[in-house]
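Architecture at a glance
Okay, here's what each chain looks like letter by letter:
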Amino acid sequence: MEKNLNNFCVILAGGKGRRLWPCSREKKPKQFIDFFGTGRTQLQATYDRFAKLIPGENILVCTNRDYEGFVREQLPGVAEGNVLVEPVNRNTAPCVGWAAAEVYGRAPGAGIVVTPSDQFVLDEAAFAGDMERGLAFVASHDIMLSMGVRPTRPEPGYGYIQAGDAQCDAEGVFGVRSFTEKPEREFARVFMESGEFYWNTGLFLSNARTFYNNFSRLFRDVHRGEPEGGVRPVDETLAFVREHYDSYPNLSIDCAILERSRDVCVMKCDFGWADLGTWHSIYECMHKNADDNVVIDSTVMLEDCRDNVIKLPKGKLAVINGLDGYIVAEEGGVLFICKKGDSSALVRKYVNKVKMEHGDEYV
């Protein structure tokens, strides 16, 4: 894919990363860690992936005040004005609306890709091809486009998009019939077996005008005084956003686009995808040894062990015997051991419990 000077990318890098606790901590969450020992953090890997497709000066990063230093340290080539720093923590929809206004003000005819900073892509060439296809589609359609991938397992930690009617003028693009965020495992199994559902990758594409108009409508209650049937000029919107950011709702971009936008489609993609936000998803996408263990940049001796995922700090050695289907993770004075299948719920439970009983030091 050749770089199109009229395309922009918005990287979301403000999450706390609690689902990978204890290795991901509030003071330094997963997107700023070289989790896999590759020499690049997840944020840097995401930037590298999109810098092959989109000019560096067109890449924006959304984060919050706590993590601004990490972003500027790890991505020194990103222009100062391309790092959008939330004055207060909100979910992803308000910061994407801010970024859309920034892009629309600079290049009203631009195409925009919004991406999380913690994704695994197996086939980079297929990914580039799907991005090119998607950006070409939104350039000629006023549509919010989600990139979906076919489920390979009944994963309750992902969102699911039910595809509707095919778009007659674009191969592999469908209307969106329904969206379900993190269903119970049995519902996820039904979704997978039906053949109608795709995993929500969190990758959203649109042209700048459609992004801007959709978010202006979505936050109309906040943008009091906008002209009836229209939207405030973009320079006024930007000034309003910066001054009144704390008045925006705590709403995710997934819910804002898939549940509330008027015209939404899903594109079927096949680039080998995983959300690197949970222990279970990391286990599923990583290389496994002969006994189906996943050892992440750690020194271990395993005997009679199967189906485990292990992540330890440098300088630590683990000797493990007879363990089957567990997560073993250590970081910053916390050792976490739990059954792999229930890990997401257990992580949430124990992060809250540890915070209540021991304060912020261990979370």
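A brief look at the structure comes next. Position labels on residues start from 1 in each chain and follow its written sequence. The model is predicted, so local features are restricted to residues of pLDDT at least 70 and side-chain atom pairs to those at 80 or more, both for listing and for counting; the totals for chains, interfaces and linings are taken over all residues. Only heavy atoms go into the side-chain values, all of them from the structure, while hydrogens and water stay out.

Before going further, it helps to spend a moment on the overall build of the protein chain. Only DSSP runs of H or I covering at least 4 residues are called helices, and only runs of E covering at least 2 are called strands; the numbering of each starts at the N terminus. Looking only at helices and strands, the protein chain has 10 helices and 17 strands in total. Each radius of gyration is computed over the set of C-alpha atoms, and the globule rule expresses the reference value as 2.2 Å times the number of residues to the power 0.38. Computed over C-alpha atoms, the radius of gyration of the protein chain comes to 21 Å, within 12% of the 21 Å expected from 2.2 N^0.38 for 363 residues, which places it in the range of a compact globule. Its C-alpha atoms give the protein chain principal-axis dimensions of about 65 × 45 × 40 Å. Split into buried and exposed, the 363 residues of the protein chain put 53% on the buried side. Charge centroids of the protein chain, computed over 42 positive and 52 negative side chains, lie 3 Å from each other. Only protein chains enter the accessibility calculation, which uses a 1.4 Å probe; a residue whose area is less than 20% of its type maximum is buried, one above 50% is exposed, and one in between is partly exposed. Note on charges: Lys and Arg go in the positive column, Asp and Glu in the negative column, and His and the chain ends are not counted at all. Lysine's charge is taken at NZ, arginine's at CZ, aspartate's at CG and glutamate's at CD.

By definition here, a salt bridge exists when the distance from a side-chain nitrogen of Lys or Arg to a carboxyl oxygen of Asp or Glu is within 4 Å. According to the stated counting rule, one finds 19 salt bridges in the structure shown. Here E26 ties to R18 by a salt bridge, and the two come within 2.3 Å at their closest N and O atoms. We note a salt bridge from D48 to R40, for which the minimum N-O separation is 2.8 Å. Residue D48 is classed as partly exposed on the basis of its relative accessible area of 27%. Owing to a relative accessible area of 34%, R40 belongs among the partly exposed residues under this scheme.

This part covers the packing of aromatic side chains. Stacked, edge-to-face and tilted are the three classes for Phe, Tyr and Trp ring pairs, Trp counted by its six-membered ring, which pair at centre distances within 6.5 Å; planes under 30 degrees apart are stacked, over 60 edge-to-face, the rest tilted. Enumeration over the complete set of coordinates arrives at 19 aromatic pairs. Look at F215 and F219: their rings are 6.2 Å apart centre to centre, the planes differ by 35°, and that puts the pair in the tilted class. Using a relative accessible area of 4% as the deciding quantity, one classes F215 as buried. Its relative accessible area of 3% is what places F219 among the buried residues. A ring is considered to have a charge above it if a Lys NZ or an Arg CZ atom is located within 6 Å of its centre and within 35 degrees of its normal. Note that R49 overlies the ring of F127, its terminal NZ or CZ placed 5.9 Å from the centroid. The aromatic ring of Y283 is capped on one face by K288, whose charged end is 4.8 Å from the ring centroid.

Here we take up the sheet that holds strand β14 (residues 309–311). With mixed pairing, four strands are arranged side by side in an open sheet as β12-β14-β16-β17. Because the sheet does not close on itself, it has two edges, and the strands there are β12 (294–296) and β17 (334–339). Recorded for the sheet is a direction-independent mean angle of 10° between the axes of neighbouring strands. A pair of strands is treated as paired once DSSP finds two or more bridges between them. As defined by bridge partners, β14 adjoins strand β16 (residues 326–331) across three bridges and the pair is classed as parallel. Axis angles are defined between N-to-C directions and span 0 to 180 degrees, where every axis is a line fitted to C-alpha atoms and, for a helix, only to the segment in contact.

Bridge analysis of β16 against β17 gives six bridges, and the strand direction is antiparallel. Counted as the bridge partner of E331 is V334 from β17. In this structure, the hairpin formed by β16 and β17 is closed by a connection of two residues, where G332 is found at a positive phi of approximately 55°.

A word on unusual backbone geometry. The omega angle of the peptide bond from W21 to P22 is 10°, so this bond is cis rather than trans. Note on placement: P22 falls in the loop between β1 (7–12) and α1 (42–51). Of note in this structure, K182 is not a glycine but carries a positive phi near 50°. By the element assignment, K182 lies in the loop between β8 (173–181) and α5 (185–194). A residue is classified by how much of its surface remains accessible, and K182, at 41% relative accessible area, is partly exposed. Phi at D304 is positive, roughly 55°, even though this residue is not glycine. Structurally, the position occupied by D304 is in the loop between β13 (299–303) and β14.

Right, let's get into helix α4 (residues 124–140). Residue count minus one, scaled by 1.5 Å, sets the expected span of a helix. In a regular helix each residue adds 1.5 Å, so 17 residues correspond to 24 Å; α4 covers 25 Å between its end C-alpha atoms and thus fits that length. Residues of α4 that are buried: F127, A128, D130, M131, G134, L135, F137 and V138. By the criterion applied in these results, polar contacts are pairs of N or O atoms within 3.5 Å in which, for protein atoms, one can donate a hydrogen and the other can accept it, and in which residues neighboring in sequence qualify only through two side-chain atoms. The opening residue of α4 is D123, an N-cap whose side-chain oxygen sits 3.2 Å from the backbone nitrogen of A125.

The next point concerns helix α10 (residues 343–358). For α10, which comprises 16 residues, the first-to-last C-alpha distance of 21 Å matches the rise-based estimate of 22 Å (1.5 Å per residue) to within 8%. Those residues of α10 not exposed but buried are S343, V347, V351 and V354. When α10 is viewed along its axis, its buried side chains cluster within an angular range of 75° and face the same direction. Turned more than 90 degrees off the buried face of α10, the exposed positions are M356 and E357. The inward-facing, buried residues of α10 contact α9 (279–285), β16 and β17. Phi turns positive, to about 80°, at G359, one or two residues after α10. Taking the helix axis as origin, the arc is that swept by the directions to the C-beta atoms. Contacts are residue-level and defined by heavy atoms, with any inter-residue pair within 4.5 Å sufficient.

Limitation: the analysis is restricted to geometry and does not speak to function.
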